[in-house]
Each structure stands twice: as C-alpha cells, then as structure tokens.
Amino acid sequence: MHIENFKIFTDLVESQSFSHAAKINGITQSAVSQQMRAMEKHFNVLIVDRGHKHFRLTREGQRIYDGAKQFLQLYDQLSSELQEMRKVVSGVVQLSTIYSIGLHTLPAYLKVFMQQYPAVNVHVEYRRSNLVYEDVLHNAVEVGLVAYPIRARQLEIIPFHEDQLILICAPGHPLAGRKEASIEEISSYKFIGFDQDIPTRKATDQIFKEYKLDIEPVMEFDNIETVKRAVEIDAGIALVPEATVQQELKQRQLCRLNIKGRRLVRPLAIIYRKGRVFTPALKQFIHLLTTRNLVQASEAAV
C-alpha cells in the first residue's frame, strides 16, 4: 500500500462520491474503483457494503478508514515538522473562497504573502458559500474563507476580519449626498438583495425582522458584482460590504451611506476541517490573515 492509496480511499469515504474523489486526486473514476479493489485484495476484506443502496462501509472498511486517517495525519505531521526543521516554506496552499472575499479582500493579502514566500503557490477556488463548506469537509482544499461562518462538528473556525455593511445608491438617487440613513428609511425605496441562500441576505433579512420591516427585494442576485451594477443604473438601493465597493466609490459610480445609529458588520472567517495538519506554508498564510489588517489599510489608501 502506498500513501496515495490511503489518501484516495479517505477522500472517497468522506465525499461518498467516486467522481469527487477522482477530481480531488486528479485521476479517473475508474482509477478510484481500482484503488479500492486493490485495497480490498491487499487486506482480503470487503470495504464497501455493495448490497446497500447508498455508499456504506463494512465494519472492516470503517476500521481501515480510521487507521488510514491516523496514518495520513501522522505522515502530514512528520512532513510538516521536517519542513520546519529545514526552515522551508514552500509547496501549495489550497483554498476555497466566496467571491466577495476572493475578489475584494484576499488580493491584498495574497500580494504580501507572495512577496514574502515566493516559493509557495496559492491555488484559489472561487465558490458559492455552501460549496466552500463542501470543499473543506471533503478535503478538496485545506482552508475556506467565508462570511457569517456556520459552526459544524467537523469544522474549526478562525475569525480574521469584519466588513462594515453600508447602504449604496446611484448618484442620481434621492439618498445620494446624504451621509447616513435609518434602517426604517430603506423600506421607502426599491431594494436590491442577494439570493435567499446567500449568508449576507440571511443576515439582512434578520436585521429587517428586528425592525419589523417587510422588505421584498425588487431584484435578487447571487453575487456582489451584479448587485452593484443594478444599483449603478438606479434600479434600487442595497446593503453591501464596504470593502466590495471601494473602486466604484472612488470613481463616483456609487454613493455610500452609513446606517444611522447602528454599525452593521459582516464577520469573515477561515474554516478548516478538524484534524487538519498545517504545513509551514499554510501556517504562515493563516498567520498573515489573522495578524495584519490589510483590508483597512487598502481602504484608507483609496
């Protein structure tokens, strides 16, 4: 048995998908099936209950999975410790991020990180929030970057920034030129929101509920870029993270207002699967995210 056999097997068990395990490891589904059959032959046991409709391990298969996880964790820990002993920071950092963080918050950190550690390659996947969680739980990536992190038994969460939510409108809108507006005033105008499964939408809906406001968006979108474009053409107003509109504010394509009497924030966090062994490169990347507020520095420069 090679290390790769155990890695493919654990990915298969955790994703319960031959196609997903194949994608993670850059092989075909047929190769995943062959690896599992080779493992069954090697240990002379059945690993998967083929009489069950859904993917389910046999008792022996569960024991092999538990042992494989321990073995891989020890191997990763050994590799990490040897790199640290050699003071080597190289390799790949694999992360999955929601679009708003990936496009507007992450670039400043990546620039600094790549300057400090040119031997590290950072691979970034841009995903919807629910898919970031899937990527992390299925070991497709090492860490995920999300807003309004959701606690789960298999996940660890590290906060790293808070975005302020602000109200934006077109330059020709009646609210343009004002510095602030009350939450109640939002109900007087057409409102543009995110899709209902987007965490920021769930958060704003909760805020409106607190104020007993029944606000139905005239438009709903699944990403910040489309929301901004709709506001630019004066189709309505929107509540968005401040970091995502710096360029449009600078070019006077949008106007911003603070919420009167209340500071609304969107917490951002790093998520990773429990038991994850951090490589020296990943340790340094997370250290940068959690100790340097490059977001506020870049906003101040605008």
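Our structure is the block above this text.
Residues numbered from 1 in each chain as written. Predicted model: local features only at pLDDT ≥ 70, side-chain atom pairs only at ≥ 80, totals over all residues. Heavy atoms only, no water.

Asks: What is the right way to read the environment of Asp66 from this model?
Replies: Structurally, Asp66 can be placed in helix H4 (residues 59-85). Along the primary structure Asp66 and Thr10 are separated by 56 residues, whereas in three dimensions their C-alpha atoms are 8.9 Å apart. (Helix = DSSP H or I, 4+ residues; strand = E, 2+ residues; numbered from the N terminus.)

Asks: Whenever I open this one, the packing of aromatic side chains confuses me. Can you help?
Replies: A ring pair, where both rings are aromatic, is described by two values, the distance of the centres and the angle of the planes. Scanning the entire structure with this criterion turns up eight aromatic pairs. A centroid spacing of 6.4 Å and a plane angle of 25° characterise the contact between Tyr99 and Tyr126, whose relative ring orientation is stacked. Of this pair, Tyr99 sits in helix H5 (residues 99-116) while Tyr126 sits in strand E2 (residues 120-127); the two residues are 27 residues apart in sequence, bridging distant segments of the chain. We classify Tyr99 as partly exposed; its relative accessible area is 37%. (Phe/Tyr/Trp six-rings, centres within 6.5 Å; stacked < 30°, edge-to-face > 60°. Buried < 20%, exposed > 50% of the residue type's maximum accessible area, 1.4 Å probe, protein only.)

Asks: Just checking my understanding: could you explain the pairing of strand E10 (residues 265-273) for this structure?
Replies: Remember that side chains alternate between the two faces of the sheet whenever the strand is regular. Burial of E10 is extensive: seven of the nine residues sit out of reach of the surface. Relative to E10, strand E3 (residues 143-147) runs antiparallel, the two sharing four bridges. Each residue of the ladder has a partner; that of Val146, found in E10, is Ala269. (Pairing = 2+ DSSP bridges.)

Asks: Is there a simple way to explain the pairing of strand E9 (residues 255-259) in this structure?
Replies: As judged from the three bridges shared by strand E4 (residues 155-169) and E9, these two strands associate in the antiparallel manner. Counted as the bridge partner of Ile168 is Arg256 from E9.

Asks: Would you explain unusual backbone geometry in this entry?
Replies: Leaving glycine out, the prevailing phi sign among residues is negative, and the prevailing peptide bond configuration is trans. Phi at Asn44 takes a positive value of approximately 60°, unusual for a residue other than glycine. With a relative accessible area of 69%, Asn44 lands in the exposed category. The backbone of Lys212 sits at a positive phi, close to 55°, despite the residue not being glycine.

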